[in-house]
Amino acid sequence: MNINLKNRKYLIALPALAALFIALIPTIKYQWPIGWDIIYHVQYAQVYAQYGFTLTDPQLNAPFGRKIAYLPFSIF
């Protein structure tokens, strides 16, 4: 299957735009600020994106970092 460059750009852009609109729903629907749980999820996502899989948050409580209270996956 040969996908030309123009269609390939759409394949990348459409899921990104869909995720943006889904993320905007709570922002537009509710008038109060974002809760702390969402702020922590964003913080942990930034840590995992920058440092990979880690059990401590090196951006907080220097020099050792803050222990992450839960893992990004569940073990069953």
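The text that follows walks through the structure, step by step, so that each part is easy to find. Keep in mind that this is a model prediction, so the values were computed, not measured.

Reading the values: the criteria
Residues numbered from 1 in each chain as written. Predicted model: local features only at pLDDT ≥ 70, side-chain atom pairs only at ≥ 80, totals over all residues. Heavy atoms only, no water. Helix = DSSP H or I, 4+ residues; strand = E, 2+ residues; numbered from the N terminus. Buried < 20%, exposed > 50% of the residue type's maximum accessible area, 1.4 Å probe, protein only. Lys, Arg positive; Asp, Glu negative; His and termini not counted. Salt bridge = Lys/Arg side-chain N within 4 Å of Asp/Glu carboxyl O. Polar contact = N/O pair within 3.5 Å; in protein donor to acceptor, adjacent residues only side chain to side chain. Contact = heavy atoms within 4.5 Å.

### Considerations on the side chain of Asp 57
Positionally, Asp 57 belongs in strand 1 (residues 56-57). Despite its burial, Asp 57 pairs with no opposite charge, the nearest such side chain being Arg 66 at 5.5 Å. A polar atom in the side chain of Asp 57 sits 3.1 Å from the side chain of Gln 43.

### Looking at the environment of Thr 56
Residue position: Thr 56 is located in strand 1. When the C-alpha positions of Thr 56 and Lys 67 are compared, they lie 4.3 Å apart, and in sequence the two are 11 residues distant. Residue contacts for Thr 56: discarding those within four places in its chain leaves Val 47, Phe 64, Arg 66, Lys 67 and Ile 68.

### A word on the side chain of Thr 54
Tracing the backbone through its elements, the reader meets Thr 54 in the loop between helix 2 (36-51) and strand 1. Residue class for Thr 54 comes out buried when judged on its relative accessible area of 15%. Within polar-contact distance, the side chain of Thr 54 engages the backbone oxygen of Thr 56 at 3.2 Å. Those residues in contact with Thr 54 that lie beyond four places of it in its chain are Val 47, Tyr 48 and Ile 68.

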